[in-house]
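Residue strings, one per chain:
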Amino acid sequence: FIDATGKIHTTFHQTITATGRLSSTDPNLQNIPIRMELGKMIRKVFHPMPGDLFVDSDYSQIELRLLAHMSGDEQLIEAFRENQDIHRSTASKVFGIVYGISAYGLSQDLNIGTKEAQGFIDSYFETYPKIKEFLDNTVAQAKEKGYTRTLFGRIRPIPELSSGNFMTRQFGERVAMNAPIQGTAADIIKIAMIRVHDRLIREHFRSRLILQVHDELLIETAEEEKEKVIALLEEEMQKAADLKVELAVGTACGQDWYEAH
């Protein structure tokens, strides 16, 4: 995939994914697994132009923050406002519930009994009561209208909800719970991406936005512009949407893509 200039250019597609996220092909630069050793090694071979460095920012827990905003659940909102580490232990495992996981599915994931898993789910919704209400209302409205909307109004049709097949309808319900949250996250990263790109050009930076991977933006950064690029990137990503909880952004710099993550 290396071209005559010594660079690699992926192709982004705007209309392939159902969630509204960009997808990447030839090569796919969005599915290099950062948690696996091989993925880490692969990221080490991506270097900026000589004399530049990579600055990489990504959203922290964006979907859980969107869930707090969209459900209006005071407990979850308060937890974020007090900067509690919501996700470090059980909550991260139970977050799958938001996407309609069953007690059986959770029991398999956590290697516990179905009854214990159901207790987990029940206590989660007792702790965050408005989440259950939000999810139930989202599914009910989707059944009535045949689609869901993101916070920005983008529609996702869900024909599966009117299927005669029970399993297909269940899949449709999970999609209905999932789509407004994942779809809004997709909208937000696109808004941030456009604003970052426009400011870099408008303010005559030499640095350039070169890659978007899900909740992450990567800038090939001129050394002397590093501090300004970090400030710009974090500001535009945090201001991309006005939510009841702030959008948290983590930033790293490095001489290759691995170091900058």
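Our subject in this report is the structure included herewith. The shown structure was predicted, so the numbers you read here are calculated from the model rather than taken from an experiment. (Residues numbered from 1 in each chain as written. Predicted model: local features only at pLDDT ≥ 70, side-chain atom pairs only at ≥ 80, totals over all residues. Heavy atoms only, no water.)

**A few points about the overall build of the protein chain**
Piece 1. Helix and strand content of the protein chain: nine helices and eight strands.
Piece 2. Computed over C-alpha atoms, the radius of gyration of the protein chain comes to 20 Å, within 12% of the 18 Å expected from 2.2 N^0.38 for 261 residues, which places it in the range of a compact globule.
Piece 3. In terms of overall dimensions, the protein chain has a C-alpha envelope of 55 × 40 × 35 Å along the principal axes.
Piece 4. A total of 261 residues make up the protein chain; the buried ones form 46% of that total.
Piece 5. In the protein chain, once contacts between residues fewer than 6 apart in sequence are set aside, the share between residues at least 24 apart is 61%.
Piece 6. For the protein chain, the accessible area works out to roughly 14,000 Å², and carbon and sulfur atoms hold 51% of it. (Helix = DSSP H or I, 4+ residues; strand = E, 2+ residues; numbered from the N terminus. Rg over C-alpha atoms; globule rule 2.2 N^0.38 Å. Buried < 20%, exposed > 50% of the residue type's maximum accessible area, 1.4 Å probe, protein only. Contact = heavy atoms within 4.5 Å. Areas by Shrake-Rupley, 256 points an atom, 1.4 Å probe, with all protein chains shown as cover.)

**Section: the sheet that holds strand β6 (residues 208–213)**
Piece 1. Judged by pairing direction, the sheet is antiparallel, and its four strands sit side by side in the order β6-β7-β3-β8 without closing on themselves. The strands lining the two open edges of the sheet, one partner per strand, are β6 and β8 (248–254). Each neighbouring strand pair of the sheet contributes to a mean axis angle of 20°, computed without reference to strand direction.
Piece 2. Relative to β8, strand β3 (residues 52–60) runs antiparallel, the two sharing seven bridges. If you follow Ser 60 over to β8, its bridge partner there is Ala 248. (Pairing = 2+ DSSP bridges. Axes fitted to C-alpha atoms, helices over the stretch in contact; angles between N-to-C directions.)

**Some points on unusual backbone geometry**
Piece 1. Here Asp 26 and Pro 27 are connected by a cis peptide whose omega angle stands at -5°.
Piece 2. Considering the arrangement of structural elements, one finds Pro 27 in the loop between β2 (23–25) and α1 (37–43).
Piece 3. Positive phi outside glycine occurs at Asp 26, with the angle close to 55°.
Piece 4. Mapped onto the secondary structure, Asp 26 falls in the loop between β2 and α1.

**A closer look at the environment of Gln 141**
Piece 1. By secondary structure assignment, the location of Gln 141 is in helix α7 (residues 129–145).
Piece 2. The exposure class assigned to Gln 141 is partly exposed, which follows from its relative accessible area of 43%.
Piece 3. C-alpha of Gln 141 to C-alpha of Ile 34: the two residues are 107 residues apart in sequence and 37 Å apart in space.
Piece 4. Other than its neighbours up to four places away in sequence, Gln 141 contacts Gly 146 and Tyr 147.

**Remarks on the pattern of salt bridges**
Piece 1. This structure, assessed with the given rule, holds 13 salt bridges.
Piece 2. Bridged by salt links that share partners, the residues Arg 199, Glu 203, Glu 235, Glu 236 and Lys 239 form one connected network. (Salt bridge = Lys/Arg side-chain N within 4 Å of Asp/Glu carboxyl O.)

**Quick notes on the packing of aromatic side chains**
Piece 1. Across all of its chains, the model carries three aromatic pairs by this definition.
Piece 2. Three or more aromatic residues link up through ring pairs in this structure, and these residues are Tyr 124, Phe 125 and Tyr 128.
Piece 3. In this arrangement the basic side chain of Arg 43 is found over the ring face of Trp 257, its NZ or CZ atom lying 4.0 Å from the centre.
Piece 4. If you follow Lys 132 out to its NZ or CZ, it ends over the ring of Phe 125, 5.7 Å from the centre. (Phe/Tyr/Trp six-rings, centres within 6.5 Å; stacked < 30°, edge-to-face > 60°. Lys NZ or Arg CZ within 6 Å of the ring centre and 35° of its normal.)

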